[in-house]
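Spelled out, the chains give:
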Amino acid sequence: IDGNRANNLPSNLRLVSRAENRRNVKRSSNNTSGATGVVRVGKLWQAQIQIDGVTTRLGRFAAFTDAVEIRKLAEQENGFHPNHGRA
């Protein structure tokens, strides 16, 4: 739950599918934008999300903060863990 692989206390573990577990991963080490699911496309920021192996583009935005906000809303709507994408 907390993302600490060494913390195997029962209170930190939950029985979930692999897909659900992927909705609680930290931000990738090769992420350059600083936000999970937000990438630079030309002069715009594109928000996207992957669910069950299907990537959905959520839109392109001039403001980075708008792209991050849309991505976070999509995470909430699709049952992602609040810790998803943490540093």
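Residues numbered from 1 in each chain as written. Predicted model: local features only at pLDDT ≥ 70, side-chain atom pairs only at ≥ 80, totals over all residues. Heavy atoms only, no water.

Ala35, Val38, Trp45, Ala47, Phe61 and Ala67 together form the largest nonpolar core, which totals six residues. Apart from residues no more than four positions distant in its own chain, Val38 is found in contact with Ser33, Trp45, Gln46, Phe64, Ala67, Val68 and Arg71. (Core = buried A, V, L, I, M, F, W, Y, C linked by side-chain atoms within 4.5 Å. Buried < 20%, exposed > 50% of the residue type's maximum accessible area, 1.4 Å probe, protein only. Contact = heavy atoms within 4.5 Å.)

This brings us to the pairing of strand 3 (residues 54-61). Inspection of the sheet shows strand 2 (residues 44-51) paired to strand 3 by seven bridges, in the antiparallel sense. Each residue of the ladder has a partner; that of Gln48, found in strand 3, is Arg57. Linking strand 2 to strand 3, which pair antiparallel, is a turn of two residues; within it Asp52 sits at a positive phi near 50 degrees. (Pairing = 2+ DSSP bridges. Helix = DSSP H or I, 4+ residues; strand = E, 2+ residues; numbered from the N terminus.)

Bringing the confidence of the model for the chain into the picture now. Summing up the model confidence of the chain, the mean pLDDT is 90 and the portion of residues at 70 or higher is 100%. The lowest-confidence element of the chain is helix 1 (residues 18-21), averaging 82 in pLDDT; the highest-confidence one is strand 3, averaging 97. (pLDDT = per-residue confidence, 0-100.)

Helix length check: helix 2 (residues 64-77), at 14 residues, gives a terminal C-alpha distance of 20 Å against a target of 20 Å (1.5 Å per residue), a fit within 8%. Of the positions making up helix 2, those classed as buried are Ala67, Arg71, Ala74 and Glu75. Viewed end-on, helix 2 has its buried residues packed into an arc of 105 degrees, placing them on one side of the element. When the buried face of helix 2 is taken as reference, the exposed residues oriented beyond 90 degrees from it are Thr65, Gln76 and Glu77. At its buried positions, helix 2 is contacted by strand 1 (38-41), strand 2 and strand 3. Looking at the residues trailing helix 2, positive phi occurs at Gly79, about 75 degrees. (Expected span 1.5 Å × (residues − 1). Arc of directions from axis to C-beta.)

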